Amino acid sequence: MIPRSVLSLALRSSLWRASLLRVPHTPLPAPAVARPAPASPLRIRNASSAAAAASLEQPALELGFEEDARVITLVRRMVVEWDRLLAEAAEEAEMSDSSVARGRRLKELEPLCEAWAAYESQKEALESTLSIAHSDPDPSMRSLAADDLPHLLSTLPPLYSALAPQLLALSPTSSLSSPPAGALLELKAGVGGAESALFVGDMMRMYVKYAGRRGWSAKEMGLVEAGAGGAGWKEALLEVKGEGAWEELRGERGVHRVQRVPATETAGRVHTSTIGVLVMPLLDNTGSSGPTEKLYDDKDVKVEVMRARGAGGQHVNRTESAVRLTHTPTGIQVSMQDERSQHTNRRKAYEVLSARLLERKLTAEQEVRRASRRSQVKGMDRSDKVRTYNFPQDRITDHRISLTLSDLPTFFEGDGLGSIVAELREADERVRLEGMLDELEEAEGAA
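None of these values were measured; they are calculated from a predicted model.

Caption draft 1: Examining the overall build of the chain more closely. Within the chain one finds 12 helices and 11 strands. The buried share among the 447 residues of the chain stands at 40%. The contacts of the chain with a sequence gap of at least 6 include a subset with a gap of at least 24, amounting to 66%. Of the roughly 23400 Å² that the chain leaves accessible, carbon and sulfur atoms contribute 52%.

Caption draft 2: Summary view of the sheet that holds strand 8 (residues 332-336). Across the sheet, which stays open at both edges, the 3 strands sit in the order 6-7-8 with antiparallel pairing between neighbours. The open sheet terminates on both sides in strands that have one partner only, identified here as strand 6 (301-306) and strand 8. Across the sheet, the mean angle separating the axes of adjacent strands is 15° when strand polarity is ignored. Here strand 6 pairs with strand 7 (residues 322-327) via 6 bridges, running antiparallel. Among the inter-strand pairings, Val-303 is bridged to a residue of strand 7, identified as Leu-325.

Caption draft 3: A look at the nonpolar core. Grouped together as the largest cluster of nonpolar side chains are 33 residues, with contacts concentrated most on Val-75, Met-78, Leu-163 and Leu-167. When contributions to this core are tallied by element, the ones reaching two or more residues are helix 3 (69-91), helix 4 (97-135), helix 5 (139-161), helix 6 (163-168) and helix 12 (417-446). Looking at which element gives the most residues to this core, the answer is helix 4, with 11 residues. Excluding residues that lie within four positions of it along the chain, Val-75 makes contacts with Leu-112, Trp-116, Leu-163 and Leu-167.

Caption draft 4: Spotlight on the pairing of strand 9 (residues 387-390). Covered by surrounding structure in strand 9 are Arg-387 and Tyr-389 together with Thr-388 and Asn-390, the residues of both alternating faces. For strand 4 (residues 254-260) and strand 9, the ladder comprises 4 bridges, and the chain directions are parallel. Counted as the bridge partner of Val-258 is Tyr-389 from strand 9. Summarising the sheet, strand 9 and strand 10 (residues 395-398) pair through 4 bridges and their orientation is antiparallel. Note on strand 10: the bridge partner recorded for Thr-388 is Thr-397. Connecting strand 9 to the antiparallel partner strand 10 that follows it, the hairpin turn spans 4 residues, and Asp-394 within it adopts a positive phi of roughly 50°.

Caption draft 5: Summary view of the sheet that holds strand 4. Strand order in this open sheet of 8 strands is 2-3-1-5-4-9-10-11, and the pairing throughout is mixed. Of all the strands in the sheet, just strand 2 (217-225) and strand 11 (403-406) have a single pairing partner and so form its edges. Averaged over all neighbouring strand pairs, the angle between strand axes comes to 20°, with direction disregarded. Along the sheet, helix 7 (residues 194-213) contacts strand 1 (182-189), strand 2, strand 3 (233-241), strand 4, strand 5 (271-282) and strand 9; its crossing angle with strand 3, the most-contacted strand, is approximately 10°.

Caption draft 6: Unusual backbone geometry, seen in detail. Positive phi, close to 50°, is recorded for Asp-394, a residue that is not glycine. Within the fold, Asp-394 resides in the loop between strand 9 and strand 10. Classification of Asp-394 as partly exposed rests on a relative accessible area of 31%.

Caption draft 7: Looking closely at the packing of aromatic side chains. All told, the structure shown has 9 aromatic pairs when counted by the stated rule. Summarising the aromatic geometry, the rings of Tyr-389 and Phe-412 are spaced 5.7 Å apart at their centres and angled 55° between planes, so their arrangement reads as tilted. One end of the pair, Tyr-389, is in strand 9; the other, Phe-412, is in the loop between helix 11 (408-411) and helix 12, and 23 residues separate them in sequence. Just as Tyr-389 is buried, Phe-412 falls in that class too. An aromatic cluster of at least three residues, connected via ring pairs, comprises Phe-199, Tyr-389, Phe-391, Phe-411 and Phe-412. In this structure, Arg-260 packs its charged tip against the face of Phe-391, placed 5.1 Å from the ring centre.

Rules of the game
- Residues numbered from 1 in each chain as written.
- Predicted model: local features only at pLDDT ≥ 70, side-chain atom pairs only at ≥ 80, totals over all residues.
- Heavy atoms only, no water.
- Helix = DSSP H or I, 4+ residues; strand = E, 2+ residues; numbered from the N terminus.
- Buried < 20%, exposed > 50% of the residue type's maximum accessible area, 1.4 Å probe, protein only.
- Contact = heavy atoms within 4.5 Å.
- Areas by Shrake-Rupley, 256 points an atom, 1.4 Å probe, with all protein chains shown as cover.
- Pairing = 2+ DSSP bridges.
- Axes fitted to C-alpha atoms, helices over the stretch in contact; angles between N-to-C directions.
- Core = buried A, V, L, I, M, F, W, Y, C linked by side-chain atoms within 4.5 Å.
- Phe/Tyr/Trp six-rings, centres within 6.5 Å; stacked < 30°, edge-to-face > 60°.
- Lys NZ or Arg CZ within 6 Å of the ring centre and 35° of its normal.

Everything listed here is a matter of geometry and, on its own, says nothing about what the molecule does.
Structure, rendered in structure tokens:
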């Protein structure tokens, strides 16, 4: 009789040789979404022993979970795209702008393709092992295969569960030649007068503290005072740079409502004020060749220089350091006067213009793909809100996800935003996945 250790080695060797036959990977055609997922020919209810496996007349595999045919189809399409991009890269003789974008896309798709290959390989190994457990003429080989089935079954669900997160990890800015280096936050006072301007300052300081806790750099790009004798800021521009800053902070865009007793209120009445927050992706313009992503034609930008206004002594009256840019095709206008140097103000103004044009471009692409369910600020009305800060009740409510937290002092020290960001990201991932699957169904229906 052949020793059991030799049989086990032979079984594993046969599975290893079978896995080699599956390399290189051959793209699978995407099945029609309208058709239900074909039932797997294998189903096991109890594979803990050889007797249980041998008792089944027809091998069948029960995965312990239900495959979503739409997810599988979407992943297969991404794998097909990966293979196509690899073929294009192999045929390209010289580097170009398209090759840079292709390389970034390949890097983004790589984890998803690896996760799919691991899932597909494990599923095939499970089916091969079950086939041996039922059809091999040697009882010892059948016994060894049946003993391996529980382990193989336990490893399959985690591999399947990893597919959806890898789909969601694909960047919504993948069409750009380089990822955003950070985020540009523009805060504007809305309803509430002086109290709204004060809250702009409170929120800006909170974002600076949160950026510090995340290890990002935060720098004020521009401040517009509320008015003569007024406290706070009518507008504030904050640049936040660091890995993941754009992905985390983009959920902050919208109207933020504050309910509290203003410092100037003598009767103790609670006032309701609002501010608007716009969040734009920030490109890395530090390269010697200029902006990574060219979003405008120089001839379409009108440049005006003028004397700065406001505090600053004689300098603001004697030098033309302020710069105003107007992008003629879109009407976007940017003014910058915070620095004494016209050159520095011009550079900052172009950075803000690029960020606004980039946000405009990404929003247009998302609307075309129907992959985004988010919207920019449409007004400053009290009812158009994403979050409420109620100071008398020490409560923060995010209305998009019906999340309520307490401890406002801790929140404004930068410690509470992280939990809201995490909840928003989870909700956004659900919406994005549904959007991707809906888009797939529409494409299949049109075909």
